[in-house]
Structure formats: C-alpha cells, structure tokens
Amino acid sequence: MSILNSCIHRHWFFRATLIAAVLTLACNAPAQSRTRTELTFPDLPGLVTLRADFHSHTIFSDGRVWPAVRVEEAWRTGLDVIALTDHIEYVPHKADVPVNYQRPWEIAQASAEPLGIIAVRGAEITRGEPPGHLVALFLTNVTALDQKDNRVATRNAAEQGGFLFWAHPGWKQPDRKSVWYAEQGEFLSNGWLHGIEVVNGDSYDPIAHQWCLDKKLTMVGNSDIHDPIAFEYSGAPGDLRPVTLVFAKARTPEAVREALFERRTAVFSRGQLYGEARFLEPLFQGSLEIVGPEIRIPRNGRALVQIRNRAPLDFDLRLNPKLPELDVDSKVVLAAGKVSLVQVRCVSDRVTGQQEVVLPCKVLNLQVAPNQALTTGLRIKVNYDRGH
Ligand SMILES: [Zn+2]
Ligand SMILES: [Zn+2]
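Please read all numbers here as calculations on a predicted model, not as lab measurements.

**Here we look at the domain arrangement of the chain**
(1) Moving on: With domains assigned, the chain is organised as domain 1 (34-275) and domain 2 (284-385).
(2) Moving on: Look at where the C-alpha atoms of domain 1 and domain 2 centre, and you get two points 37 Å apart.
(3) Moving on: Of the residues lining the interface, 16 residues belong to domain 1; the matching set on domain 2 comes to 13 residues.
(4) Moving on: Ranking the residues of domain 1 by area buried against domain 2 places T40, P42 and L273 at the top, with a combined share of 35%.
(5) Moving on: Run the count over domain 1 and domain 2 and you get 0 salt bridges.
(6) Moving on: The tally of links from domain 1 across to domain 2 stands at 6 residue pairs in polar contact (both at pLDDT 80 or more).
(7) Moving on: For the side of domain 1 that touches domain 2, the elements supplying multiple residues, two or more each, are helix 6 (206-215) and strand 11 (272-274).
(8) Moving on: Partitioning the side of domain 1 that touches domain 2 into residue classes produces 10 nonpolar, 6 polar and no charged.

Right under this line is the structure:
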C-alpha cells in the first residue's frame with residue numbers, strides 16, 4: 001500500500017469511526033435521559049412508602065426551570081411526589097414571567113398525571129427572621145398568601161387546610177444554629193405550624209430534629225432546588241437528592257396530606273435516615289433478605305451468610321460480637337443494592353439443630369434522634385451441624 005493510499009485509508013477509517021461514535025451517542029442519549037433511578041424503600045405494613053420532595057422553586061419565583069421540568073426531574077430521580085413552592089414575596093423574573101401564583105402547579109399538573117407523579121400546590125412565605133421562611137402545602141388559593149401582614153398570610157394558608165412547615169430554620173443564624181423564636185411558639189399554638197425541615201439541601205439540622213421529637217412536629221427533608229436538579233445531584237449512588245419518605249394509606253394527594261398531619265414521615269439524605277424507630281425499624285428489616293441455601297455451621301467452624309440490601313443506602317452495623325453460641329464480626333456494612341457476606345462462627349459444643357438467631361445490632365446511619373442510632377437485630381436461621 002502506497003503512502004498516499006495509506007493516508008486516504010486512515011482518513012476514511014477515522015471518519016467512519018467518528019460517525020459511528022456520534023451515531024452511538026445520538027442513539028444512547030434519549031434512552032439514558034428517559035430512565036428512572038428507583039429508590040427501593042419497602043412499604044410498611046398497611047402503608048405505602050412514597051418518596052417526596054416538598055420544597056422546590058421554578059421560574060415563577062427565583063428558580064431557573066419551567067414547572068414541567070420539576071415534574072420530569074422528580075420522575076427521573078425516583079420520586080412519587082413533588083411540591084411546587086415558589087416564593088410569594090420574591091419574584092425576580094417578573095419582567096419575563098408575569099406574577100401568577102396559581103400557574104406553577106397548573107403547568108406541573110399537566111405533566112404529572114401522565115407520569116404518575118403527585119404534584120402538590122404550595123408556596124413559600126418568605127420573611128426575615130423571625131419568623132423566617134414558612135412553606136405551605138396543599139393550598140387551593142395561593143394568591144391569598146400575598147399579604148403585607150405575615151400573620152394574615154400564614155393564617156390564610158392554614159385556613160385552606162394547608163400543611164405548614166418551617167424551612168431551613170438555621171439559615172442565616174450564627175454557626176447555622178437554629179433558634180426557636182416567640183413567633184414559632186405563637187404559630188404552633190395557633191395551629192399554623194405542623195412540621196420542620198430536618199434536612200434542607202445537604203444540611204442536616206440536629207436542633208430541628210430534636211424539636212420535631214419534643215414538640216410532636218413532622219420531619220421533612222427537601223432539596224429546596226433552584227437550579228436544574230442535575231446541577232446539584234448527579235443521581236449516582238451516594239449523590240442522590242434528599243427525600244422525605246411518606247408512609248401513606250394510599251397513593252393519592254389526600255393520603256399524602258393525611259400522613260403529613262399524622263407525622264408518618266422519615267428523611268433520607270446523604271446515606272442517612274432520620275426518623276422514629278417505628279418507621280426506621282421496618283424500613284431496615286424490609287430492605288433485607290437472606291440469600292442462598294440453608295446456613296449450616298460445622299462444629300467450631302464458620303459460615304458465610306449472604307444478605308441482600310435492596311435499599312438505596314448502605315447499612316452501617318455494629319454487632320455485639322459475643323453471643324453464647326456464635327461469634328460475629330462487630331463491624332458490618334450491608335452495601336446498598338448489593339449482597340454482602342457476614343461471617344459467623346460457632347463457639348459452642350452444645351447447640352444442635354435449626355435455630356433462629358437474632359444478632360443484636362445498632363445501625364449507625366439510621367438516627368432515631370440526634371446522635372442516637374437505631375437499635376435492632378439481624379435475624380438469621382442457622383443449622384448447627386453436629387456431624388463428625
Ligand atoms: Zn427559603
Ligand atoms: Zn425555598
């Protein structure tokens with residue numbers, strides 16, 4: 001082959017490769033963007049587990065996307081529920097987008113129905129501290145919140161049957177330490193305050209977490225997203241948006257509202273779950289499955305137990321390593337969406353036959369209160385092999 005021919009040949013080959021690469025990208029791109037990342041949390045007995053984000057902004061206030069995009073993002077990132085909660089008092093795009101408090105939800109709703117997403121009509125009453133920012137959900141008339149007097153705006157939200165939560169209480173406070181003002185106490189006693197954001201964006205607020213427990217308020221965790229969601233969260237494992245888990249009697253807006261007022265929620269953020277033990281315990285147990293054949297442990301021998309964790313977060317366990325019959329590793333991580341091996345060793349000569357064993361453990365990243373891990377047990381069935 002002459003040098004000239006070789007050059008032409010290489011040139012042709014390069015072009016063909018380039019065209020093939022472009023075609024592959026063009027074919028793959030739509031398929032990738034039309035996939036949903038499933039957040040596989042189990043349902044609880046008699047209740048369906050819904051994944052929600054109750055705080056988001058659109059172009060109708062200071063967000064940078066059209067309301068329908070929030071719905072598409074919600075579907076793609078594994079949510080069932082998205083609330084549109086534009087600011088009432090802050091509408092910086094009004095030269096381009098006319099102020100219309102009712103429109104964000106109406107636009108979102110048209111996209112939500114075909115995707116099976118529940119869109120919630122909300123708004124953020126945006127005042128200085130105190131009382132700070134208050135998000136109202138399940139409104140019928142958002143325009144009624146456009147009031148000079150903050151108390152009138154808040155009362156109007158509550159009188160519509162709205163669910164009201166205090167957004168990012170630590171924002172703008174020294175060291176982000178949340179402060180409970182007299183106004184919050186007043187709103188609470190008036191029935192105008194039902195929940196608090198325990199997580200806003202990437203910030204977990206232990207003070208807000210404790211307030212929810214002490215004052216019997218609902219825990220929520222939300223993105224408060226302004227940019228396109230992919231700017232903040234890649235969607236890769238470990239880089240997911242914060243989610244409020246709602247334990248509802250049905251997959252309907254009214255059931256979501258009922259669950260919020262009844263405080264049946266937990267918060268998932270950055271590999272942690274925050275919530276009451278009555279929810280975290282069944283979430284943990286319902287995520288696990290023992291894989292493989294019967295677990296046989298020979299005398300003075302060991303067995304490898306395979307445990308599948310379907311949840312989208314690792315479970316970081318600390319086990320009590322010394323049991324009368326068994327030795328186990330004290331530190332075990334059950335990886336998200338994977339099967340993990342747990343080694344158990346028989347240390348007794350006396351036990352025989354099949355036994356159900358509960359290995360007591362703490363799950364460090366499941367917090368029932370600030371710095372308080374869920375205490376539970378890992379249930380396994382073992383067959384002590386007495387053969388010689
Ligand atoms: Zn805010
Ligand atoms: Zn906000």
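**Quick word on the nonpolar core**
(1) Moving on: Ranked by size, the top nonpolar core spans 56 residues in total, and within it F315 and L359 carry the most contacts.
(2) Moving on: Ranked by residues supplied to this core, first place goes to strand 19 (residues 353-369) with 6 residues.
(3) Moving on: Split by domain, the residues of this core number at least three in each of domain 1 (34-275) and domain 2 (284-385).
(4) Moving on: In contact with F315, not counting residues within four places along its chain, are F284, S287, L288, N309, V332, V333, L334, V363, N365 and L366.
(5) Moving on: Counting 27 residues, the second-largest nonpolar core is a separate cluster that includes Y101, A158, L164 and V198.

**Quick word on the environment of D239**
(1) Moving on: Residue placement: D239 occurs in the loop between helix 7 (229-232) and strand 9 (243-248).
(2) Moving on: Overall, the relative accessible area of 22% leaves D239 in the partly exposed class.
(3) Moving on: The spacing of D239 and Y181 is 58 residues in sequence and 34 Å in space, taken between C-alpha atoms.

**Quick look at the coordination of the zinc ion (ligand 1)**
Note on metal geometry: ideal angles are 109.5 degrees for four donors arranged tetrahedrally and 90 or 180 degrees for six donors arranged octahedrally.
(1) Moving on: Listed as protein donors to the zinc ion (ligand 1) are E124 (OE), H133 (ND1) and H168 (NE2); their distances from the metal cover 2.0 to 2.2 Å.
(2) Moving on: Donor residues for the zinc ion (ligand 1), ordered by position in the chain, follow E-x8-H-x34-H.
(3) Moving on: Metal-to-metal, the separation of the zinc ion (ligand 1) and the zinc ion (ligand 2) is 3.4 Å; E124 coordinates the two. Here H168 lies in the loop between strand 5 (163-166) and helix 5 (182-190) and E124 lies in strand 3 (residues 118-126), a separation of 44 residues in the sequence. Just as E124 is buried, H168 falls in that class too.

**A word on the coordination of the zinc ion (ligand 2)**
(1) Moving on: Protein coordination at the zinc ion (ligand 2) comes from H55 (NE2), H57 (NE2), E124 (OE) and D224 (OD), with a distance range of 2.1 to 2.3 Å.
(2) Moving on: Taken together, the 4 donor atoms coordinating the zinc ion (ligand 2) and their angles of 79 to 162° define a geometry best described as irregular.
(3) Moving on: Here the donor residues of the zinc ion (ligand 2) are spaced in sequence according to H-x1-H-x66-E-x99-D.
(4) Moving on: The class for H57 is buried, based on a relative accessible area of 0%.
(5) Moving on: D224 sits in the buried class, given a relative accessible area of 14%.

Rules used in this analysis
- Residues numbered from 1 in each chain as written.
- Chains lettered and ligands numbered in written order.
- Predicted model: local features only at pLDDT ≥ 70, side-chain atom pairs only at ≥ 80, totals over all residues.
- Heavy atoms only, no water.
- Domains from an automatic or database assignment.
- Contact = heavy atoms within 4.5 Å.
- Buried area = accessible area lost by both parts, 1.4 Å probe.
- Salt bridge = Lys/Arg side-chain N within 4 Å of Asp/Glu carboxyl O.
- Polar contact = N/O pair within 3.5 Å; in protein donor to acceptor, adjacent residues only side chain to side chain.
- Helix = DSSP H or I, 4+ residues; strand = E, 2+ residues; numbered from the N terminus.
- Nonpolar A, V, L, I, M, F, W, Y, C, P; charged D, E, K, R; others polar.
- Core = buried A, V, L, I, M, F, W, Y, C linked by side-chain atoms within 4.5 Å.
- Buried < 20%, exposed > 50% of the residue type's maximum accessible area, 1.4 Å probe, protein only.
- Donors = N, O, S within 2.8 Å, 3.2 Å for Na, K, Ca; no water.
- Tetrahedral: all angles 85-135°; square planar, octahedral: opposite > 155°, others 65-115°.

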